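Given next are the chains, with one letter for each unit.
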Amino acid sequence: MRDFKELEAELSNMVQIARGGQKVVYSATHPTYGSVVVKLFFKTDARSQREIDISADSDFDCVPKIHETGHVTYIGSDTLYVIEQRVEGEELRKRLDRGERFTLKKAVDFLEQGLSFIKELEDKNIVHRDIKPENIIVSTDSKIYFLDFGIARILGVPSLTKTEALVGPHTPGYAAPEQFNNLKSDIDSRADLFSIGVVTYECLSGKNPFREGATSHLDILQRTETITPVSFQIAGDTQQQFMGLLSSLMGKFPSRRPKDANQALNWLSAAKSTLQYEEAKQ
Amino acid sequence: MKLYLQMGHGMQTMCKDLSEAWGGATVILSPQNIHPTTKLLPFATSMRKVNGSVLFDPQLYAPRNYQKNLQKHDYWPQSDFTSIELGDCRELLTKLANINATLGSEAVILPSSIINRIDDRWGKIQGVIADQARQVAIDQRLLLTIALGKDVLSDDSQIESIILYAEHWDVNGVYIVCEHPERHYLVDKPIWVANLLSLVAGIKRLGKEVVVGYANHQMLPLALAKCDAIAAGNFLNVRWFQPEHFETTDNDDPSRRTTWYYCPQALSEFKVTYLDVAHRAGILGTMATPTQMENEYSRVLFGGAIPSSTNYKEGDSFKHYLHCLRIQSELASKSTYSETRNSQFAQLETAARILNGLHDERIKGQDRDFGEICDVNEAAVQIFDKEFGFAMAREW
């Protein structure tokens, strides 16, 4: 097994961009692949492997491509590495934190891309389960990319989460109630529809409806189960059809949401005919 | 939304009369009221002669309870109730499939016990019943019973659980019966009504048929949830689901009978003696049946004589109620979701306005007065509209 230093030698402009408990992430330039991200996983657990497998096996249009995977010796340990496409853009969370708000047109475009991604996931029986601003990159040409399949679920294969666990893996404020309540038999793409609805709502309003004013993690979960996000008037949403769709996506129970991403896309398509984009005024 | 006839005591002739008058009607047969099993076929045949059709409710809501008439049926279990309650009932289902085939039923209503709390065991048992029925009633349409105790509809998370289980049942539809909270004929809890709407809408969105049994005019907003049919009958015990109705006890008190008049525009029923008060006050016309629902059964009340002195009898009262409710049920469904919702609000506002006028003259419907229930149903429709409105409008 080659040493990490050998891999490092192949790369240029290497800069550490993130470090967490599970992995360290660098940006770099690869002689063949160009601009890349290099991820080193400290522990090759089943979850990390599943994340890599999903990204590598699925040719998603809006997920960075994996160029290469392998093992290196890193600080004396056998370490899994992944070299993937680096998207030139910015994390959605950073844009929101700077106070950026989406116009109606931008929100429609964002939601359409998000729903198309969820439709692709449905075709492969995958539920992402962690759609949130931190896991979304907006590229310089406004295309959105989804990252991190770390807690994704492949329907029909054994779950990596303990069935008896009181709470399932989730990010509070974005996860649907059936997800954090670990109701596994109830999990399907409608959990992702919930999350993309919340993110779009936040992009328009600047506020996560369940996190706003919450005092703790548990408080956020309780709010997600009980609060109906306030419907507000969006300039150009002449018949409240776009807001209606967002409310439907954020329905606290799956039965209240669109049945699947395709239906949501159809509803979005119908809503678009009622929208008047007034970009200059916004 | 259609109105089916929920058979109760003394309804056989009435069902045939109404089917003849309406050009056809669907009756949900009650084995408690037609027994033994051999008597079901002659009635079903006579219904068909007047363009009618039948469904057969096995009424196995509480199979352990003693009910003297239900015991007389061949299919009624004599032992091993536990197996039946746990869904292991292939023999029973075979008998029911045969009865339904003989009767020429439109669908087979599958049995289920009353449940007070939805849990995984219940969901699995329902699934087992559906699977077994699919094997023994291969070509028949199946409606799986969902029999809910009074507390279930107070909790929307339990409603969601039912919908999620229903996704996996291999049946054509469901037959919902639900006990009312606090033993009121008209339910005064908006959340309960809203949750019933959610349950129906959730199952309809799965592409399954929904029939709500033991219903009354308070269930007209179910049209908003795209409910296929509600079923009502003559006496109150077939207009709201009362579990004790399926048990024979020593203290079955004979009920005091009064003749009522259903004022459809006020969504309320009044004792005929209160129509006398309206007559004296000169406002009886306000209570007269609207032209589109006018019928031979109640016309005599508005001919100028003192209402209680007319020949308006209990049987007329029942037929009048069902005639009006049938038309109201059909009119409740409009061509769009928003039209349907707006017509529900309009109907409730009209009823409230008329009732205000009648109450000013001290004309009240006692426990059948819709005065406070108008607000309940308005709130329920509002809740439902917020939670399901967008989806229902798109899928209408």
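Residues numbered from 1 in each chain as written. Chains lettered and ligands numbered in written order. Predicted model: local features only at pLDDT ≥ 70, side-chain atom pairs only at ≥ 80, totals over all residues.

## Quick word on the overall build of chain B
(1) Moving on: When you go through chain B residue by residue, the secondary structure sums to 12 helices and 10 strands.
(2) Moving on: Here chain B has a C-alpha radius of gyration of 21 Å; the compact-globule value for 396 residues is 21 Å, and the two agree.
(3) Moving on: Dimensions of chain B, computed from C-alpha atoms along their principal axes, come out at roughly 60 × 45 × 40 Å.
(4) Moving on: Classification of the 396 residues of chain B by burial places 50% in the buried group.
(5) Moving on: Here the contacts in chain B between residues at least 6 apart in sequence split such that 76% fall between residues at least 24 apart. (Helix = DSSP H or I, 4+ residues; strand = E, 2+ residues; numbered from the N terminus. Rg over C-alpha atoms; globule rule 2.2 N^0.38 Å. Buried ≥ 20, exposed ≤ 12 C-beta atoms within 10 Å, placed from the backbone. Contact = placed C-beta atoms within 7 Å.)

## Some details on the environment of Lys 313 of chain B
(1) Moving on: Following the sequence through the fold, Lys 313 of chain B ends up in the loop between α9 (284-287) and α10 (314-332).
(2) Moving on: Along the chain, Lys 313 of chain B and Ser 198 of chain B lie 115 residues apart, while their C-alpha atoms are 38 Å from each other.

## Observations regarding the nonpolar core
Side chains of nonpolar character tend, in soluble globular proteins, to be buried together.
(1) Moving on: Counting residues in each nonpolar core, the largest one holds 186 residues, and the members touching the most others are Leu 143, Leu 197, Val 200, Leu 222 and Ile 230 of chain B.
(2) Moving on: The biggest single contributor to this core is helix α12 (residues 371-395) of chain B, with 11 residues.
(3) Moving on: Apart from the residues lying within four places of it in its own chain, the contact partners of Val 200 of chain B are Val 210, Val 212, Leu 222, Ala 225 and Cys 227 of chain B.
(4) Moving on: Grouped together as the second largest cluster of nonpolar side chains are 10 residues, Tyr 26, Val 36, Val 38 and Ile 83 of chain A included. (Core = buried A, V, L, I, M, F, W, Y, C linked by C-beta atoms within 7 Å.)

## With respect to the packing of helix α1 (residues 12-22) of chain B against helix α2 (residues 40-49) of chain B
Residues and elements named next belong to chain B.
(1) Moving on: Interaxial distance between α1 and α2 falls to 9 Å at its minimum, and their mutual angle equals 20°. Between α1 and α2, the angle is such that the two are roughly parallel. Between α1 and α2 the crossing geometry is right-handed. Contact with α1, carried on its side by Gln 12, Cys 15, Lys 16 and Ser 19, involves Phe 43, Ser 46 and Met 47 of α2 and no other residues of that element.
(2) Moving on: The residue inventory of the contact of α1 with α2, partitioned by class, reads 3 nonpolar, 3 polar and 1 charged. (Axes fitted to C-alpha atoms, helices over the stretch in contact; angles between N-to-C directions. Parallel < 35°, antiparallel > 145°, perpendicular 65-115°, else oblique. Left-handed = near helix turned anticlockwise from the far one by under 90°. Nonpolar A, V, L, I, M, F, W, Y, C, P; charged D, E, K, R; others polar.)

## Points about the environment of Ile 75 of chain A
All names here are of chain A.
(1) Moving on: For Ile 75, the location among the structural elements is in the loop between β4 (66-74) and β5 (77-85).
(2) Moving on: A tally of 8 C-beta atoms within 10 Å means that Ile 75 is categorised as exposed.
(3) Moving on: On a C-alpha basis, the gap between Ile 75 and Pro 31 in space is 24 Å, while along the polypeptide they are 44 residues apart.

## Focus: the interface of chain A and chain B
Bring the parts together and some accessible area is lost; that lost area is often taken as the interface size.
(1) Moving on: Across the contact, 14 residues belong to chain A and 11 residues belong to chain B.
(2) Moving on: Listed by contribution, the elements that provide at least two residues to the side of chain A that touches chain B are α8 (241-249) and α9 (261-272) of chain A.

## Describing the sheet that holds β4 of chain A
Residue and element names in this part refer to chain A.
(1) Moving on: Here 5 strands make up an open sheet; going across it, the order is β1-β2-β3-β5-β4 and the pairing antiparallel. One side of each edge strand has no neighbouring strand; the edge strands of this open sheet are β1 (12-19) and β4. Direction aside, neighbouring strands of the sheet carry axes that sit 25° apart on average.
(2) Moving on: Note that β1 and strand β2 (residues 23-30) share 5 bridges and pair antiparallel. The residue of β2 that forms the bridge with Gln 16 is Tyr 26. (Pairing = 2+ DSSP bridges.)

## Thoughts on the domain arrangement of chain A
All names here are of chain A.
(1) Moving on: Under the domain assignment, chain A is made up of domain 1 (4-85) and domain 2 (89-281).
(2) Moving on: Spacing between the C-alpha centres of domain 1 and domain 2 amounts to 27 Å.
(3) Moving on: Facing 12 residues of domain 1, the contacting portion of domain 2 comprises 13 residues.
(4) Moving on: Broken down by class, the residue content of the side of domain 1 that touches domain 2 amounts to 6 nonpolar, 2 polar and 4 charged. (Domains from an automatic or database assignment.)

## Re the packing of α1 of chain B against α10 of chain B
All names here are of chain B.
(1) Moving on: Close contact between α1 and α10 brings their axes to 11 Å; oriented N to C, the two are set at 45°. By the angle between their directions, the pair α1 and α10 is classed as oblique. Crossing angle aside, the handedness with which α1 passes α10 is right-handed. Where α1 approaches α10, its residues Met 14, Leu 18 and Trp 22 are matched on the opposing element by Gly 315, Phe 318, Lys 319, Leu 322 and Arg 326.
(2) Moving on: Of the residues assigned to the contact of α1 with α10, the class counts are 5 nonpolar, 1 polar and 2 charged.

## Description of the sheet that holds strand β6 (residues 89-91) of chain A
Residue and element names in this part refer to chain A.
(1) Moving on: In space, the 3 strands of this open sheet follow the order β6-β8-β9, with antiparallel pairing throughout. On the outer flanks of this sheet lie β6 and β9 (144-146), each paired with one strand and no other. For this sheet, the mean angle separating the axes of adjacent strands, direction not counted, is 25°.

## Considering helix α2 (residues 46-57) of chain A
The α-helix advances 3.6 residues per turn, and as a result positions three or four apart in sequence lie on the same side.
Residue and element names in this part refer to chain A.
(1) Moving on: The terminal C-alpha atoms of α2, which comprises 12 residues, lie 16 Å apart, in line with the 16 Å expected from a rise of 1.5 Å per residue.
(2) Moving on: Those residues of α2 not exposed but buried are Glu 51, Ile 54 and Ser 55. In an axial view of α2, the angular spread of the buried residues amounts to 95°, which keeps them on one side of the axis. Projecting away from the buried face of α2 at angles above 90 degrees are the exposed residues Ala 46 and Asp 57.
(3) Moving on: Elements in contact with the buried residues of α2: β4 and β7 (126-127). (Expected span 1.5 Å × (residues − 1). Arc of directions from axis to C-beta.)

## Quick word on the domain arrangement of chain B
Residues and elements named next belong to chain B.
(1) Moving on: Looking at the assigned domains, one finds that chain B contains domain 1 (2-246) and domain 2 (260-395).
(2) Moving on: One C-alpha centre belongs to domain 1, the other to domain 2; they are set 26 Å apart.
(3) Moving on: Counting from both sides, the interface comprises 27 residues of domain 1 and, opposite them, 31 residues of domain 2.
(4) Moving on: For the side of domain 1 that touches domain 2, the secondary-structure elements that each account for two or more residues are β1 (2-6), α1, α7 (190-204) and β8 (229-232).
(5) Moving on: The class makeup of the residues in the side of domain 1 that touches domain 2 is 19 nonpolar, 4 polar and 4 charged.

## Notes on the pairing of strand β7 (residues 209-212) of chain B
Residue and element names in this part refer to chain B.
(1) Moving on: Summarising the sheet, strand β6 (residues 173-178) and β7 pair through 4 bridges and their orientation is parallel. In the sheet register, Ile 176 faces β7, and the bridge partner there is Val 212.
(2) Moving on: Note on the crossover from β6 through α7 to β7: the handedness is right-handed.
(3) Moving on: Across 2 bridges, the pairing between β7 and β8 is parallel. Paired with Val 212 across the bridge in β8 is Ile 230. (Right-handed = clockwise from strand over helix to strand, strands pointing away.)

## Remarks on the pairing of strand β9 (residues 260-263) of chain B
Residue and element names in this part refer to chain B.
(1) Moving on: Taking every second residue as pointing to the same face, both faces of β9 are buried, with Trp 260 and Tyr 262 on one and Tyr 261 and Cys 263 on the other.
(2) Moving on: In this structure, β9 lies alongside strand β10 (residues 268-271), joined through 4 bridges in antiparallel fashion. Considered in β10, the bridge of Cys 263 is made with Ser 268.
(3) Moving on: Count of turn residues in the β9/β10 antiparallel hairpin: 4 residues, of which Leu 267 carries a positive phi of about 50°.

## A short note on unusual backbone geometry
(1) Moving on: The residue after His 35 of chain B, namely Pro 36 of chain B, is reached through a cis peptide bond having omega -5°.
(2) Moving on: Structurally, Pro 36 of chain B can be placed in the loop between β2 (26-29) and α2.
(3) Moving on: One non-glycine residue, Ile 75 of chain A, lies in positive phi territory at about 50°.
(4) Moving on: Notably, Asp 148 of chain A is not glycine yet its phi reads approximately 65°, a positive angle.

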